[in-house]
Structures are given as structure tokens and as C-alpha cells.
There are 2 protein chains.
Amino acid sequence: MKIIIDAYGGDNAPLEILKGTAQAISELDVTALVCGREAKLRALAEKEGIALSGMDFLEAPLAMPVEAEPTEILKSYSTSSMAAAFKALADGQGDAVVTAGSTGALCVGGTLIVKRIKGIKRPALAPIIPAAKGTYMLLDVGANVECRPEMLRQFAVMGAVYMERVMGVKNPRVGIVNIGTEENKGTALQIEAGKLLRDSRLNFIGNIEARELPLGGCDVAVTDGFTGNIVLKLTEGMGKAFSGELKAMLLSSAKTKIAALLLKNALGGFKAKMDYTEHGGAPLMGTAKPVIKAHGSSNAKAFKNAIRQAKLFCEQDVISEIGAAVSGQQ
Amino acid sequence: MKIIIDAYGGDNAPLEILKGTAQAISELDVTALVCGREAKLRALAEKEGIALSGMDFLEAPLAMPVEAEPTEILKSYSTSSMAAAFKALADGQGDAVVTAGSTGALCVGGTLIVKRIKGIKRPALAPIIPAAKGTYMLLDVGANVECRPEMLRQFAVMGAVYMERVMGVKNPRVGIVNIGTEENKGTALQIEAGKLLRDSRLNFIGNIEARELPLGGCDVAVTDGFTGNIVLKLTEGMGKAFSGELKAMLLSSAKTKIAALLLKNALGGFKAKMDYTEHGGAPLMGTAKPVIKAHGSSNAKAFKNAIRQAKLFCEQDVISEIGAAVSGQQ
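All values derive from a computational prediction rather than experimental measurement.

Of all residues in chain A, 98% have pLDDT values of 70 or greater, and the mean over the chain is 93. Here the complex is predicted with pTM 0.93, and the ipTM for its interfaces comes to 0.92.

Here it is in C-alpha cells:
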């Protein structure tokens, strides 16, 4: 399996991207097609002692800046490393794309260069978020700021296939993110999407309040991209705030510093569980071939985990299953 | 100052409500008008050894159930303890209402029985949420599921007055909860509200991403009630999930259990800081007289804190200030 890598996406590109890719090749039985400036990347690898076995390169002179308009990936940045990666995927030069670059550009490029699964109206960006029990897939988190009820139905179908096939969750519980559990709660979007989902073959558990999300109240949470983005970013910010408070508490006195020493190992596991970057990337669900967004702040390990996710995505044939489910109006 | 108490609101009513009221009377230099079934409340107080000095009673035979339609407070529950409290406030029998009862009924009753400040289109429910640095007021969290830009402008004015007057924050920073900081981000609501707020005299810092809220990125966060409810409930759920994980970690081995003993005092402070029920209640901003919602799960201490907040609300003359600001089109 060959994973196509955008070498110039994310805060720590290209070094951590290259490192993570090398780790993935040595651990995960994949090869890579790395898009970027080959000569510079080779020089960096030599300097840092990164092995390049299993990597091919695809020359791409530009990097897509985070602050550029997303649609520029089709225009002034059509020769960027991210655009090159999507074109290579569309052309069959590899099996999946992994990028830590601009989310907006990824959504535009994924949708318009890689194209959609037949029948899917709009792809959705769909991170896997850790909860007290298990994880849940949240979709959409920003590809579609405003949504129609039918889109939420499709998000539910895609999320359920992914959680079952890739994450091994049997009969995933699907919920609509809402401000109350009753069927008449929320706006027209939630009410109408609820009707569609009650008529589906999915394991639809109704509305889910945001309070229940981090406690593991469902396996697939569907929502418009505005609300989903708020949920994702708040989850991130709360994690950061808690970690900061916890650290401050552990450093507050001689007694707590001793406690911190005793907790050293346990704290590592605790942080790993609360940190959603550990869980790999966010798939863009609905494109005709797998596209994975690694977190913008990915280090080598997080990027490697995103590559692992891309591999599972391919192996489990998620896209055919979604195509079948959508054409069958599951 | 006389605070009007709904004795039958919340999960722990009437016992914790009565206890919290008694504590407030002894500590805060207030008196209370307690709405409910006087004979039963007196019997309970006697049994539990709760002092009733400083309390008057107002007979109200019914309790407003949480699951009842909010508008029923005007109809079949017009003799409920919550309805009686609002009527007593409107009639000038006390200075503020504190209730831990149904949020929906509180919004309807507050708006239609207590009535609005002149010029205010819609009251907003506005909890004070702890952040890494300070606290922030979030409005609206559910009184208005869908909002117009002008409503967000008024929420901003009300929140800024409150944070300045009651919480002592100089020149409070006002942000619009959004999915990016750029002026063109979000839906028409955020974009248009941004234009109104840039034209205002407020200290408007633009859009604020949800990630920054728990880190203390602003003092007043304005949003529609749907999004605000999601933010509030997710904040609550993350706190619960995090506490659970922390507890599990501290109990995971002999070593961590020793650490837990060493941390005992520090953990108390940590929890208190992260727990937004400690910060008292959520004012319903925009009513002609102060109405405070205590958390539904309030114990005596939380309810007492909500009464403290009601007292400050009255003392600082927040409502006149809002009236002046709104009529001046601040």
C-alpha cells in the first residue's frame, strides 16, 4: 500500500512529517509518495539522519499557506504539495492522502480534485474524539458550515460505516447533537434530520446533548459544520485548560511535587487518553478515495498515527461500503 | 434586601433550597420570601433543624415539573412556586428571584411575568463559566434557539454591563463565538453581528474560537442559544469526564493512591475552580427585575452562591445601567 504524503502541511513541516512517514514505513508495512521539494527534503533527511527507504518523491514547488483562501488550491496553489498529493491520488499513484495542512484547502481539494463518492452530496471532516468510554466520530466539523437534513443523514451513514469497519464498533450508536433529547428540540435542521434517521436502518439513538459526548454517549455524532467545529475546538481547549490547571496544582507545593513524582507514569497514560491527536487524523468522509487530515500541530508520532489510520481506511474498504449504503438509501 | 425563592425547583428541592436560603440569610444580610407549601416547608425545617428567621412564606400549591412545556407556567402551572415567585417580583414583594427549576419555564415566566427591560428584544440566559484565567459570561445558552444579529448586539451590551458591574472586570472584552477569527467566518448571523459590534462602543475583540473560551480568551461571549447551549453542556460534560479520569488515575495503583493522599487539599481547590456551579447561578439578562437560575443539581452551597449573585445583581444596579446603555444604542 502506498500512502501519498503532503510534506509541507502543518506547523512542524517538513521535519516532523518526514520523520513520521519514515516511522510509518518501518512499522506499518506501507510505502510513501512524498509531495514537495525533493532536493530540499533529501538534504533535510540526510542532515537529520532520516532513512528514505520506501519513499518516492513527487516534485511540488509550493506550500499551501494556512491563511490562503481554500479555493486557491485550484488556482495559484495548484502546484502546491497538497494539490499535487490530491492529483496523484486521483490519478491512482497511491492509495490515500495524508496531510497536516490547511483544513479549508483539504476540503476543497479533496472534494474537487479527488471527487466524491457517487450519491454523496457533501464530504464531511470527521475526527475521532476520545471519550470516557471509547471514542466517537464527530461529523461534520467545518467542511459545511450550514447543512440540510439530508446531509446529516449521509454523515450518519458514513460515520456508522467507518466506526464499524475501522474502529470495530458493532452496530454503532448514532446521535444528532442537540440541545435536548426530545424530538422537537433544536432548529428545523435537527428536527427534520431526526425524522430521516428514524426512518433509516441505522442504530439511531435520537438527539444527544453535548454533555454526553465526552462521556461516551454515542459512537457517531452528526451535526452541521458550525456546531461540530465548536464542539471540536471546545474539546481541545478544555483539554488544554485542564492540563494547565492540573500542572499548576501539581507544582503548587512541596507535597504536591512529591505526588507528581509518584504519578509520573500514570499521568502519561492519562494525558494520552485525553489527547485526541494521539488517535490519528480526521478522515474527510465522502471522497472517492481516502483523504486523512492530520492535526496541524502533529509531531512525528501523531503523523505516523494518521498514516496508520489511512492504511486501515484502505484495508477495510470503507469507501465501497459507503457507496453501497448510500445507493441502497440505508 | 429581600430575595424571592422558588422552594420547589431543582433536583434537590425543597431541602437543599431551604438550607441554602437559611445559610444566605445568616451570611449575606438578606431576607427571603419563600414560595411553596408553607406548612410542609415549616415541618421540613423543624425536622432538619433549619432556622427560619428572616424567611417569609408565600403559599403556592404546585411545583413546576421539569418535563412540562415551558409555557404551562402561564396556564396549568400558574399557581406553581416558580410562577408565584415571578408574580411576587413583578408586584414588588421582593428584589430578585432565585430558582433552580426548569430553564424553559424560567425563560418564559421571566420574560412574560417579570417582563423585559425597555428596548431589550429578548432576554438571554447567561451563566458565568470558569476559565483558566478568570471567568466569562456566555449568552445566550438556550432562551433563544435562533437569533438575529441585533439580539447578539444586545447580549453583548448586557454581558458587558454585568461583567463590569458585578464581576469587577474593567472594560470587558466581548467576542462572538465563531469557527474562525476572520470577519467573514461563520454564518450570516456572526458576520452581521460582527458589523454591529464593530460599530459599538464596546470593547469588541472580534470572533473568538471555542478553543479560546476555557483559556480565558474573552470576558463576554455572545452567541445564539443553540450554540451557547452546546458550549455550556460540553463544558459541563468535559469537566465530568475529566474528573472521572483523574479519579480513576489516582486509584489505579498503590503509588497513585499515596499521591492522592498528598494531593487531598490541592484537589479540592482544583475541583472548585473547574466547577461552574460554584460560581453561583446564571442570570436571565434582560428582564426588568433580577432573575437568577441556580443549577438544577444545586446543593445548599450552590444555591446560597446563587443568592449571593442575586444580591450583587441588585446592589450594582445592573438593570438601570442596561436600560441606559440600550436606549443610548451603545
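Alright, that's what it looks like, and here's the rest.
Take the sheet that holds strand 6 (residues 128–130) of chain A next. Residues and elements named next belong to chain A. Reading across the sheet, the five strands line up as 6-7-10-8-9 and stay open at both edges, with mixed pairing between neighbours. At either end of the open sheet lies a strand with only one pairing partner, and these are strand 6 and strand 9 (203–209). On average, each strand axis in the sheet is tilted by 30° relative to the strand beside it, whichever way the strands run. Sheet analysis places strand 8 (residues 173–178) next to strand 9, joined by six bridges and oriented parallel. If you follow Arg 173 over to strand 9, its bridge partner there is Asn 203. Helix-sheet contacts for helix 6 (residues 188–198) involve strand 8, strand 9 and strand 10 (220–222), and the interaxial angle to strand 8 is about 170°.

So, on to the relation of the copies chain B and chain A. When chain B is fitted onto chain A, the two copies agree to an RMSD of 0.0 Å after a turn of 180° and an axial shift of 0.0 Å. Taken together, the rotation and translation describe the operation of a two-fold axis. Closest approach to the rotation axis among the C-alpha atoms of chain B is made by Ala 259 of chain B, whose C-alpha sits 2.1 Å away. Here 100% of the interface residues in chain B have copies in chain A that are interface residues too; the copies meet face to matching face.

Turning next to the packing of helix 3 (residues 81–90) of chain B against helix 4 (residues 103–114) of chain B. All names here are of chain B. In contact at an axis separation of 9 Å, helix 3 and helix 4 are set at 30° when each is read in the N-to-C sense. Comparing the axis directions of helix 3 and helix 4 gives the class roughly parallel. Along this stretch, helix 3 crosses helix 4, giving a crossing that reads as right-handed. Side by side, helix 3 and helix 4 meet where Met 82, Ala 83, Phe 86, Lys 87, Leu 89 and Ala 90 of the first sit next to Ala 105, Leu 106, Gly 109, Gly 110, Ile 113 and Val 114 of the second. For the contact of helix 3 with helix 4, the class distribution of residues is nine nonpolar, two polar and one charged.

Definitions and cut-offs
- Residues numbered from 1 in each chain as written.
- Chains lettered and ligands numbered in written order.
- Predicted model: local features only at pLDDT ≥ 70, side-chain atom pairs only at ≥ 80, totals over all residues.
- Heavy atoms only, no water.
- pLDDT = per-residue confidence, 0-100.
- Pairing = 2+ DSSP bridges.
- Helix = DSSP H or I, 4+ residues; strand = E, 2+ residues; numbered from the N terminus.
- Axes fitted to C-alpha atoms, helices over the stretch in contact; angles between N-to-C directions.
- Contact = heavy atoms within 4.5 Å.
- Least-squares fit on C-alpha atoms with pLDDT ≥ 70 in both.
- Parallel < 35°, antiparallel > 145°, perpendicular 65-115°, else oblique.
- Left-handed = near helix turned anticlockwise from the far one by under 90°.
- Nonpolar A, V, L, I, M, F, W, Y, C, P; charged D, E, K, R; others polar.

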